[in-house]
Amino acid sequence: HFSGNGFNQIENVLTSKIPLTYLSMAKCSINAKGADYIGNGVEKNRTLKTLILRDNRLTDIGAESLFKGLFFEKLDLKRCNLTDKCVLALSAMIK
């Protein structure tokens, strides 16, 4: 379970020079605010290829924060309380 400073630390790792290619944070109770920290980190990280965030409480707002880093080979957002609106925003960015 992550909150507050934990999200800040994840963002710091993602923006560091560590060549992270895979990150799984499934079932970590991540909400939209936490996803924003992760989104800030992945926006600056060009080595991360796989991001697993299934079974969190991201909602559409949190998921859209992650779309900044749309260079992933795999992005798993299963069971994250997303709606069709979010899926439309994602598909528009991919095109």
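Residues numbered from 1 in each chain as written. Predicted model: local features only at pLDDT ≥ 70, side-chain atom pairs only at ≥ 80, totals over all residues. Heavy atoms only, no water.

On to the sheet that holds strand β3 (residues 74-76), then. If you trace the three strands from one edge of the open sheet to the other, you get β1-β2-β3, paired in parallel fashion. At either end of the open sheet lies a strand with only one pairing partner, and these are β1 (22-24) and β3. Strand-to-strand twist across the sheet, computed as the mean angle between neighbouring axes with direction ignored, equals 5°. Taken together, the three bridges between strand β2 (residues 50-52) and β3 define a ladder with parallel strand orientation. The residue of β3 that forms the bridge with L51 is L75. (Pairing = 2+ DSSP bridges. Helix = DSSP H or I, 4+ residues; strand = E, 2+ residues; numbered from the N terminus. Axes fitted to C-alpha atoms, helices over the stretch in contact; angles between N-to-C directions.)

For the rest of this paragraph, the subject is the environment of L70. Inspection of the secondary structure assignment puts L70 in the loop between α3 (59-66) and β3. The exposure class assigned to L70 is partly exposed, which follows from its relative accessible area of 36%. Residues L70 and L53, spaced 17 residues apart in sequence, show a C-alpha to C-alpha distance of 14 Å. (Buried < 20%, exposed > 50% of the residue type's maximum accessible area, 1.4 Å probe, protein only.)

The next point concerns the confidence of the model for the protein chain. Here the protein chain averages 87 in pLDDT, and 92% of its residues register 70 or above. Here helix α4 (residues 84-94) stands out as the element of the protein chain with the lowest mean pLDDT, 77, in contrast to β1, whose mean of 95 is the highest. (pLDDT = per-residue confidence, 0-100.)

The next subject is the packing of aromatic side chains. Using the criterion set out here, one finds one aromatic pair in the structure. Ring centres of F7 and Y37 lie 6.2 Å apart, and the angle between their planes is 15°; on these two criteria the pair is classed as stacked. Residue F7 is located in helix α1 (residues 5-15), and its partner Y37 is located in helix α2 (residues 32-44); the two are separated by 30 residues in the primary sequence. (Phe/Tyr/Trp six-rings, centres within 6.5 Å; stacked < 30°, edge-to-face > 60°.)

Quick look at the nonpolar core now. Grouped together as the largest cluster of nonpolar side chains are 22 residues, with contacts concentrated most on I38, L51 and L53. Contributing elements (two or more residues each) for this core: α1, α2 and α3. In contact with L51, not counting residues within four places along its chain, are L23, I38, V42, L66, F72, K74, L75 and D76. (Core = buried A, V, L, I, M, F, W, Y, C linked by side-chain atoms within 4.5 Å. Contact = heavy atoms within 4.5 Å.)

Another aspect to go through is the side chain of D76. Take D76: it is sitting in strand β3. Within the structure, D76 has its side chain in polar contact with the backbone nitrogen of K78 (distance 3.0 Å). Those residues within four positions of D76 in sequence are excluded, and the remaining contacts are L51, I52, L53 and R54. (Polar contact = N/O pair within 3.5 Å; in protein donor to acceptor, adjacent residues only side chain to side chain.)

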